[in-house]
Every structure is written in structure tokens, then in C-alpha cells.
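# Structural characterization, general
Residues per chain are reported as follows:
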Amino acid sequence: CPSSPKHPLTPSEKCGVLNVTKITENGKKVRKNWTSSWTVLQGSSLLFAKGQGGSTSWSYYRSDSIPELLLTLLSSWKHSVKPRPAVSYVNCRPGQAAAKFGSNQSKPEFTVDLRGGTVEWASKDKSSKKHVIELKTRQGTELLIQSEIDSVISDWYRALTETINTHAWE
Ligand code: I3S
């Protein structure tokens, strides 16, 4: 997400395409369902986009970085992660991403409150995939978040950790 003078880039403003699955919801184990989701970190919330309509065309994906986009799509294909449609961002600027969720292009499929949550690298028994983050919320939801790209997932790990630490006492 490039920064803009109006909305300076902070650790709490980040977006991109990630592979995600819930493993626990409200304290109950749920079956994994890896999907490729447009993900926005805004303030203490993490939003995952849901596409409009039923199409699953690759052409709906946009990213700030073409190599990142190609790697994401290749990884989705290799790992049989279901593609997600209707993500039509060319750029992700702080403040713009969440506003776009409100339009009819895309809306959050679900939102996670990071306050009081924890983030750690997932152990091997949680997933056979590499570069997997395990995110636990205070509400009892556990998510696995993954990217094939080392630097991408490391940046998300850092941003999520900073966000959780920043909002720890709220
Ligand atoms: O932790 P698991 O159950 O071994 O996770 C794998 C399964 O959910 C599998 O689906 P089915 O049980 O419906 O075949 C998925 O396709 C895999 O991706 C899951 O494992 P990974 O290690 O990729 O998270």
C-alpha cells in the first residue's frame, strides 16, 4: 500500500492477497477451508473480502505487485486453494481500502477484532504449508494465514504483532 500525505502509512494500515482458513470459531473446531482472500488490516480490525457474484475468474485479482500476484495465483493453484473473485483494487492506499469494502465491488466476508488476540508462527502440526501464521482472537476464533512469499508473510507477521501490542490495553 503506497502511503499518501493525507493518510500516512502506519503499521495498522495494510492490505494484500493472503491464503486464509479458520480452524476454530467461537471456541469450536471447524473444518479447514483455505481460500485466497483480499485482506485489509485497518486499526485493530482485520477484514477479509468476499467477492460479489459467483464467478471465480483469475482476472478479478489485482495487486500492487505483479510478481506477487503471479506467485499468489500459482500458489493457490498448487495448493488447491479456492480462488476468490471480485477483488478489483489496483492500489491499496490507507483509508481507501476499507471505503472500497463499503462499495458494491467487494465487502468483508468476515472481520476479526485483533484486540486481546495473539499471533505466532504456526507449528507443523497446524498445517503442512510453509509460512503460516496462527492468529487467535479473544472471541475464540483461530485463523491460519499464509503466503508463499516469505517477505509478504513476514511483513504481515510484523504488522499483526505491532497492532496487537498497540491495542493490548483496549
Ligand atoms: O490439518 P488437516 O486436516 O490435515 O488439513 C488439511 C485438510 O483440511 C485438507 O482438506 P480435506 O481434509 O478436505 O481433504 C486440505 O486440503 C489441506 O489443505 C489441509 O492441510 P494444510 O496442511 O494444507 O493446512
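Scroll up to find the structure.
Below or above, wherever it landed, is the structure these notes cover. (Residues numbered from 1 in each chain as written. Predicted model: local features only at pLDDT ≥ 70, side-chain atom pairs only at ≥ 80, totals over all residues. Heavy atoms only, no water.)

Helix and strand counts for the protein chain stand at three helices and eight strands. Ordered by position from the N terminus, the helices and strands of the protein chain form the series β-β-β-β-α-α-β-β-β-β-α. Here the protein chain holds 170 residues, and the buried ones make up 44% of them. Once local pairs closer than 6 in sequence are excluded, the contacts in the protein chain between residues at least 24 apart make up 64%. (Helix = DSSP H or I, 4+ residues; strand = E, 2+ residues; numbered from the N terminus. Buried < 20%, exposed > 50% of the residue type's maximum accessible area, 1.4 Å probe, protein only. Contact = heavy atoms within 4.5 Å.)

Turning our attention to the environment of Asp125. Tracing the backbone shows Asp125 in the loop between strand S6 (118–121) and strand S7 (132–136). Given the relative accessible area of 69%, Asp125 is considered exposed. Among the polar contacts made by the side chain of Asp125, one reaches the side chain of Ser123 at a distance of 2.4 Å. (Polar contact = N/O pair within 3.5 Å; in protein donor to acceptor, adjacent residues only side chain to side chain.)

Before going further, it helps to examine the nonpolar core. A general feature of soluble globular proteins is that nonpolar side chains tend to end up buried together. Counting 20 residues, the largest nonpolar core has Leu46, Leu135, Ile145 and Leu160 as the members making the most contacts within it. Of all the secondary-structure elements, those providing two or more residues to this core are strand S1 (13–25), strand S4 (45–51), strand S5 (106–113), S7, strand S8 (142–146) and helix H3 (150–166). With six residues, H3 is the single largest residue contributor to this core. Look past the residues within four positions of Leu160 in its chain and what remains in contact with it is Leu41, Leu46, Leu114, Val119, Ile133 and Ile145. Among the nonpolar cores identified, the runner-up in size contains six residues, and Val17, Trp38, Val40 and Ala49 belong to it. (Core = buried A, V, L, I, M, F, W, Y, C linked by side-chain atoms within 4.5 Å.)

Turning our attention to the site of the ligand. Around the ligand, the neighbouring residues are Arg31, Lys32, Trp34, Ser127, Ser128 and Lys129. Ser127 is positioned such that a nitrogen or oxygen atom in its side chain is 2.8 Å from an oxygen atom of the ligand. Here the ligand has 510 Å² of accessible area as a free molecule, and 46% of this is covered by the chains. Tallied by class, the residues present in the shell around the ligand amount to one nonpolar, two polar and three charged. (Near = heavy atom within 4 Å. Areas by Shrake-Rupley, 256 points an atom, 1.4 Å probe, with all protein chains shown as cover. Nonpolar A, V, L, I, M, F, W, Y, C, P; charged D, E, K, R; others polar.)

The tally for this structure, following the rule as stated, stands at five salt bridges. The partner of Arg115 in a salt bridge is Asp113, with the nearest N and O atoms 3.0 Å apart. A salt bridge links Lys126 to Glu142, with the nearest nitrogen and oxygen atoms 3.9 Å apart. Taken together, the residues span a long stretch of sequence, with Lys126 in the loop between S6 and S7 and Glu142 in strand S8 at a distance of 16 residues. (Salt bridge = Lys/Arg side-chain N within 4 Å of Asp/Glu carboxyl O.)

It is worth spelling out H3 at this point. In this model, H3 (17 residues) spans 24 Å end to end at C-alpha, consistent with the 24 Å of a helix rising 1.5 Å per residue. Restricting attention to buried positions, one finds in H3 the residues Val152, Ile153, Trp156, Ala159, Leu160, Thr163 and Ile164. With its buried residues spanning 130 degrees around the axis, H3 presents them on a single face. In this structure, H3 carries Asn165 and Thr166 as exposed residues pointing more than 90 degrees from its buried face. (Expected span 1.5 Å × (residues − 1). Arc of directions from axis to C-beta.)

Note that all results are geometric; they support no functional claim without further evidence.
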